[in-house]
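Architecture and fold: a report
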Amino acid sequence: MSETIEVRVPDIGDFRDVPVIDVMVRAGDAVKAEDPLVTLESDKATLDVPSPAEGTVREVRLKAGDKVSEGSLILLLETRAVPPGPAPQPVVVVAPEPPPAAGGPIEVRVPDIGDFKDVPVIEVAVAPGARVRAEDALITLESEKATMDVPAPVSGVVQALSVKAGDRVSEGSLILTLLPEAGSPAVQTAAAAPPAAASAPAPQPVPAAAAEASDIPAASAGDMVLQPSLARLPSPAERAAEVAGGRASHASPSVRAFARELGVEVALVTATGPKGRILREDVQNYVKQRLAAPAAAAPRDGGLDLLPWPKVDFGKFGPVETKPLARIQRISGANLARNWVMIPHVTQFDEADVTELEAFRVQVNKEQEKSGVKLTMLAFLIRACVAALKQFPNFNASLDGENLVLKRYFHIGFAADTPNGLVVPVVRDADRKGVIELARETAALAAKAREGRLAPGEMQGGCFSISSLGGIGGTAFTPIINAPELAILGVSKTGLKPFWDGTQFVPRLMLPLSLSYDHRVIDGAAAARFTAFVSRALADLRRVLL
Amino acid sequence: MSAAERMVECEMLVLGAGPGGYSAAFRAADLGMKTVLVERYPTLGGVCLNVGCIPSKALLHVAAVMDEAAALAAHGVSFGAPRVDLEALRGWKTKVVARLTGGLAGMAKARKVTVIQGVGRFIDPNRLAVETAGAGRKVVRFGEAIIAAGSQAMKLPFLPEDSRIVDSTGALDLPFVPKRMLVIGGGIIGLEMATVYSALGARIEVVEMTAGLMPGTDRDLVQVWQKANARRFDAVMTETRALRVEPDAEGVRVWFEGKAAPAEPRTYDLVLVSAGRVPNGRAIGAEAAGVRVDDRGFIPVDGQMRTNVAHIFAIGDIAGQPMLAHKAVHEAHVAAEAAAGRKSFFDGRVIPAVAYTDPEIAWVGPTEAQCREQGVAYGKGQFPWAASGRAIANGRDEGFTRLLFEEKSGRLIGAGIVGTHAGDLIGELALAIEMGCDATDIGRTIHPHPTLCESVGLAAELFEGVCTDLPPARRR
């Protein structure tokens, strides 16, 4: 049952006339499925064209240097298996190959099923290795009008199945190969027809149910079963091709005309009608909202005319896995995006000399070893920031429309990394707490955050936030303000740096500071002063007492 | 005749008085514009009313009744062989056309639309010259214009002039009933005429260049028609073309080439050429007005049917596919309203199409094949007329009604019907698509019983799995 197939250049994207840079096979070579046959070189990449099947190369139809496009003939391949049904793909994928045993397995093909083409296989009743008797049902097909079983033509053992449930077949499509039992009348198949001409009469009797279905009177249509819904899933490729941004809502012609009259793009109107229909009232409400919008402070429809998010089928480029975002990520992501878009951020960079402070911290920790509480740089940072907020009250505030709400309390948030995402627990009344107490409290809050046990109240009410990446590395970064706060201090990794003391370079331990602030409220000079204040406070914490 | 008499001033000029043209002129007049309608033929209505849709339907009606009368023999009622008086039949057709075109003339008068008969060509962006039949040359100066100059049957260059070689217009004249007739081009128009001539007694052969008859139509629908009509045809030669045509005393000899080509030429009494229609974009002096015409003869327009010249619009066949009268009429209203300063747009979601063959084929929206090509996830409800009481009672149960629903929204996106009166059933589905109906909306709309339109509701119920007029769905 050998057959010669034409191997053609498969879909290679949008490229045409790409040069062949290597031909790996010659006439007479034996190849296995997936063996590379030729190498092509497009503007962007080189790619191998694999063999669609196992077989022997009969004739190579191109040479290195030729230019080819999708569909160009590469070579003729003599295979021992027969490709399945009408194959639209240029490269034919061949079904598992039955051993060419003497006495020969026979091919069972879809018999005459009336005028139908591309009917779905809804059930496969046998598996490879199964023993069937003549007239046993092999598969069930469902045409527009009837379901019908295709019976085994002879008794035997199923060898290779060429169809699965959901496949579409037509008269002549290969269903499976069957090794007839001794004693069965050996039914030889006609010479395998090329897949396109699948009109060769099938060797098996026409099943009764497959008689011209339209001639069955309705009253006696016992076999006739209609599909309630095709709802057939498209192939992944078809799914990928699905047009993005399909219309989620719908407006009837009269509403469309009304929207045109008012110059409203219906795609922007929120639908409130049943089943997502846009009503006349929805268009009116949209217009009212738009007219009211400039007066409101909320620039929700402020005209960020963004391109749609790029939709890419990453699976085309390599294996991928889709994993939903954690709940915290989804919530914080939306907040971060809003803050990033709505707040004009500026980031001020500075350094603090923490040589003395670090020495002090290490010493105290040594002294306090037994108490179990460890002083952290974060605790000192909170203390320094509170002092700065007292000095610069405009930083301890929030915007409310055209008012600035100044706060008389000092609750400091700190960003805590957790397995589920970023959270910002808040230390209340940090101005009334000592460094040791702050260290103890931040450690406890961070532990709770990691365990996911923070109460909502423990993440609310912050005036100012600190985000420390010092434990990891980096020299500076631009943190996003945690609205409705006005500023956030980013802290990077401390490092020894040479410092000119007037006569010589001395090593000093420097802590990089990055202060992002809301430029609508805070101007650059104020931010520079604030950061410098924090820096001096850390250099000599006695200033905090002033 | 003074210069002033020959110059006509108007706010709106409409060139062409087919369904698009007269609709545009009448709508413009209704909106208060002083309107001139230029038409080269003496009657209004264009191809559609004079030599297209309407006369062909008059003849198809006769053909259908003849076929049906003959079919009654199987149900116990026999008539004698029909005697056809061709002249009387032509008279019936002419009467139908005259009644409609006469009605149009009356309506034009009632609206004070000035009709000028003659061939119009643009002179510049605001003037059109009309070569009238008897009154010499007239010039129309216009404020706005709508081009509705339509299309004409495609001529095949290798065909000689002969009274036995006709296009659809010539075929509608019913010169005689041929014994053997060849239809070149297996599209809808050719097959409608083939149906008429077949009913009158002609044996038909069809030659079509593409792989199937009615190219562009859902294969499943065509298949049902083809099976029911196999008896009419001695040969259906697809992927084949007529190569050479030579009339002689015996008939018209035709040589073929292609997949189904017979080795020897064949002789026919009548050859109908229906190889498609080409737009008349090149015949109206568009360049003088600065109106862009593409290389196929179409005039590109925007969503308000406006050409590249802001005060000149184009509608109907000349503005692009599909070449259908009902599309032209809607475009006409949009153009007239836009010209009058209204915010009208052509934003219909779907344009239904009908082949008035027997059985009829009608569809709206994408076919299954198109859904698959475009990667639209859809579900299907298909009701076979073999389970419709009315279709069985009519003795015509070969059809089916198929509805396609978009998976994501559940809304109807397309429908295809094959069966008698399919064209009368498709309007409901066009409405359902425009209104955004889903299967529940259609299935729970109470359809009258027993009717063919019931099949629409039942197909929707099938999609939902709540139909009780068929055996239960097989589980999978």
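Provided above is the structure to which this section pertains.
Rules of the game
- Residues numbered from 1 in each chain as written.
- Chains lettered and ligands numbered in written order.
- Predicted model: local features only at pLDDT ≥ 70, side-chain atom pairs only at ≥ 80, totals over all residues.
- Heavy atoms only, no water.
- Axes fitted to C-alpha atoms, helices over the stretch in contact; angles between N-to-C directions.
- Helix = DSSP H or I, 4+ residues; strand = E, 2+ residues; numbered from the N terminus.
- Parallel < 35°, antiparallel > 145°, perpendicular 65-115°, else oblique.
- Left-handed = near helix turned anticlockwise from the far one by under 90°.
- Contact = heavy atoms within 4.5 Å.
- Nonpolar A, V, L, I, M, F, W, Y, C, P; charged D, E, K, R; others polar.
- Buried < 20%, exposed > 50% of the residue type's maximum accessible area, 1.4 Å probe, protein only.
- Polar contact = N/O pair within 3.5 Å; in protein donor to acceptor, adjacent residues only side chain to side chain.
- Core = buried A, V, L, I, M, F, W, Y, C linked by side-chain atoms within 4.5 Å.
- Phe/Tyr/Trp six-rings, centres within 6.5 Å; stacked < 30°, edge-to-face > 60°.
- Lys NZ or Arg CZ within 6 Å of the ring centre and 35° of its normal.

With that settled, the discussion passes to the packing of helix α4 (residues 53–71) of chain B against helix α7 (residues 188–199) of chain B. Residue and element names in this part refer to chain B. Two elements in contact, α4 and α7, have axes separated by 9 Å at closest approach and are oriented at 45°. In terms of orientation, α4 lies oblique with respect to α7. Judged by the sense of rotation from one axis to the other, the crossing of α4 with α7 is left-handed. Contact residues: S56, K57, L59, L60, A63, M66 and D67 in α4; E192, M193, T195, V196 and A199 in α7. When grouped by side-chain class, the residues that make up the contact of α4 with α7 number 7 nonpolar, 2 polar and 3 charged.

Next up on the list: the side chain of B:D358. Residues and elements named next belong to chain B. Examined against the element boundaries, D358 turns out to sit in the loop between β17 (353–355) and β18 (360–364). On the basis of relative accessibility, which here comes to 13%, the residue D358 falls in the buried class. At 2.9 Å, the side chain of D358 forms a polar contact with the side chain of R396. If near-sequence neighbours (up to four positions away) are discounted, D358 is found in contact with D67, T195, W225, N229, R232, R396 and T420.

Nonpolar side chains in soluble globular proteins tend to be buried together. Residues and elements named next belong to chain A. Within the largest apolar cluster, 56 residues are counted, with the highest numbers of intra-cluster contacts made by F395, F464 and L538. Listing elements by their share of this core, those giving two or more residues are α5 (355–367), α6 (377–391), β22 (412–414), α7 (435–451), β26 (464–468), β27 (487–491), β29 (505–518) and α8 (524–539). Here this core gets 12 residues from one element, more than from any other, and that element is α6. When residues no more than four places from it in sequence are discounted, the contact partners of L538 are A352, D353, V354, L357, F380, L381, A384, L511 and L513.

Look at the link from B:Q321 to B:P322: it is a cis peptide, with omega at -10°. Turning to its location among the elements, B:P322 is positioned in the loop between β16 (312–314) and α10 (325–339). Cis peptide bonds are those with omega within 30 degrees of zero, and the linkage from B:H449 to B:P450 qualifies with -5°. Relative to the helices and strands, B:P450 resides in the loop between α14 (439–443) and α15 (454–464). You will see that A:E34, though not glycine, has its phi angle at about 80°, which is positive. Inspection of the secondary structure puts A:E34 in the loop between β3 (30–31) and β4 (36–41). Positive phi outside glycine occurs at B:M305, with the angle close to 70°. Looking at where B:M305 falls in the secondary structure, it is placed in the loop between α9 (286–289) and β16.

Considering all chains together, one arrives at 11 aromatic pairs over all chains under this definition. Centre to centre, the rings of B:Y22 and B:F26 are 5.5 Å apart; their planes meet at 50°, and the pair counts as tilted. In this pair, B:Y22 and B:F26 are both assigned in helix α2 (residues 19–30), 4 residues apart and thus about one turn of the helix distant. Each member of the pair B:Y22 and B:F26 is classed as buried. Grouped by ring-pair contacts, the aromatic residues A:F392, A:F395, A:F464, A:F530 and A:F533 constitute a single cluster. The residue whose ring lies beneath B:R244 is B:W255, and the NZ or CZ to ring-centre distance is 3.8 Å.

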